[in-house]
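Here is how the chains run, residue by residue.
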Amino acid sequence: MTEYYTPTRVFFGKGAEEKLGKTLKDNGYRKALLHYGGKSAEKSGILEKVRKDLKDNGIQIIEVGGVVPNPRVDLVRKAIEAALDFGAEIIVALGGGSVIDSAKAIGYGLYNRDGDIWEYYLKKRSVKGAIPVAVVLTLSATGSEMSASSVISNDEGTGYKRGLNSVWGRPKFAFLNPELTYSVSPYQTASGSADIMMHTLERFFHQGESLSLTDDLSLALLDSVMVNTKKALEKPDDYSARANLMWAGSLSHNDLMSTGNETRGDWACHQMEHELSALFDCAHGAGLTAIWGSWARFVMAPLMDRFALLGERLFHIDGNTEEKAEGAIEKMEEFFSSIHMPVNIRELGIELTDEDIKVLSYGATYHGERVLGDKVKLGEKEISAIFQSARG
């Protein structure tokens, strides 16, 4: 069984962010924490535009910036204390997935006061609610603007990167203007598109029965992302390409692409990549593409029909089931390479040692407390073999 719950009110199109202040005012909010990343928000002018819009609509704000890729729990703690002192009623996340995930963590921390926020990400405590989040999206990638998930990192001697999924984490409002992504670099555009695709692929490779309509939607989304990524890389201000990528990012991770299937999907690649980016601080989408081919070949036999369907429908490969399945993996890696994404870990600029692989594999099992995967279960030994293959 799967569950689909999407409470986020979405404003999509040119000038969508201009609805932020009035929407908050009309819904009774008067105090907001404005949360963002680094210099790009200031340089582009969107930070000042959002500040003015909030103030013009009578919204008092306090600001906490400085979110980095793979957002850190120490900044979350700082923001929680600042927001508590201020009395923030809502968090405005201005940025991409890292900012949104950090904002969600702040929202959890403001509402759940019976322990440190990191304890909730370690599953030692359960969230019972959250202060709401409004998103002004500037990067098409994680889909965090409509998802229930949040992932943050802890550098305090652990190197952990942990996720928390909760219905309370779904943003209340999302303001999606594709024009705000025109200035995203080619590397981040490609990495973001890879992440979008992986959110759909993780759900595509599940055990049990599939809903054919969900398969159709998933394959159409993958095709759209592949086509429009190329267009956006060739012409960064192509509104149609950016709009399609932005909406694909939202739909890929709001659970639409698993609804009606027997399970939510596999997610082993994501869990393995979390360990990789926690240790080496690499871009999430790039880390996923560096691992995916090795994972795919390791699990292909038990999932042969799903890989063959991908090959036949997405890449139009002829032949028997095995040829279609093998061809799907090859074509997917060819696409990643064509947008300058790595297809092994060496191409990420990382030289994995045997000791690194031990650390990554043990960490991915939460130190022996879980196995990864859905139809194909992966323990420490199997995860290690995939990292060995992905090393390059």
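Now for a description of the structure that goes with this document. What you are looking at is a predicted structure, and each value in this text was computed from that prediction instead of being measured.

## Points about the overall build of the protein
Then, in step 1: Check the secondary structure of the protein and you find 15 helices and eight strands.
Then, in step 2: In terms of overall dimensions, the protein has C-alpha extents of about 65 × 45 × 40 Å along its principal axes.
Then, in step 3: Summarising the internal contacts of the protein: among those between residues at least 6 apart in sequence, 77% fall at separations of at least 24.
Then, in step 4: Here the protein has roughly 15900 Å² of accessible surface; of this, 50% comes from carbon and sulfur atoms.
Then, in step 5: Of note, the protein has its 44 positive side-chain charges centred 6 Å away from the centre of its 54 negative side-chain charges.

## Observations concerning the pairing of strand β8 (residues 173-176)
Then, in step 1: Along β8, one buried face is formed by F173 and F175 and the opposite face, lined by A174 and L176, is buried too.
Then, in step 2: Two strands pair when backbone bridges link them, and strand β1 (residues 9-12) and β8 are joined in this way by four bridges, in the parallel orientation. Directly across from R9, in β8, lies its bridge partner F173.
Then, in step 3: When strand β5 (residues 133-137) meets β8, the two strands line up parallel, connected through three bridges. Directly across from V135, in β8, lies its bridge partner A174.

## Let's talk about the packing of helix α7 (residues 186-204) against helix α13 (residues 321-338)
Then, in step 1: The N-to-C vectors of α7 and α13 enclose an angle of 165°; their axes lie 13 Å apart at closest approach. Compared by their axis directions, α7 and α13 come out roughly antiparallel. Seen from above, α7 lies across α13 with left-handed handedness. Between α7, through M197, M198 and L201, and α13, the contact on the second element is made entirely by M332, F335 and F336.
Then, in step 2: Looking at the contact of α7 with α13 residue by residue, the classes come out as six nonpolar, no polar and no charged.

What counts and what doesn't
- Sequence positions are assigned chain by chain, starting from 1 and proceeding in written order.
- For a predicted model such as this one, the threshold for reporting local features is a pLDDT of at least 70, and the threshold for listing and counting side-chain atom pairs is 80 or more; totals across whole chains, interfaces and linings nevertheless cover every residue.
- As a rule here, side-chain values come from all non-hydrogen atoms in the structure, and water together with hydrogens is ignored.
- Here a helix means four or more residues in a row that DSSP labels H or I, a strand means two or more in a row labelled E, and each is numbered from the N terminus.
- Whether two residues are in contact is decided by their heavy atoms: any pair within 4.5 Å suffices.
- Computed with the Shrake-Rupley method and a 1.4 Å probe, the accessible areas treat only the protein chains shown as cover for residues.
- Neither His nor the chain termini are counted; the positive set is Lys and Arg, and the negative set is Asp and Glu.
- In this description, the location of a charge corresponds to atom NZ of lysine, CZ of arginine, CG of aspartate or CD of glutamate.
- Think of it in three bands: with a 1.4 Å probe and only protein chains considered, a residue is buried below 20% of the maximum accessible area for its type, exposed above 50%, and partly exposed in between.
- Strands are labelled as partners when DSSP assigns at least two bridges between them.
- To define axes, lines are fitted to C-alpha atoms, for helices over the stretch in contact only, and angles between the resulting N-to-C directions are given on a 0 to 180 degree scale.
- Oblique is the label for any angle not covered by the other classes, which are roughly parallel (under 35 degrees), roughly antiparallel (over 145) and roughly perpendicular (65 to 115).
- Note on convention: the crossing is left-handed when the near helix lies turned anticlockwise from the far helix by less than a right angle, right-handed when the turn is clockwise.
- Polar here means any residue outside two lists: the nonpolar Ala, Val, Leu, Ile, Met, Phe, Trp, Tyr, Cys and Pro, and the charged Asp, Glu, Lys and Arg; Gly therefore counts as polar.

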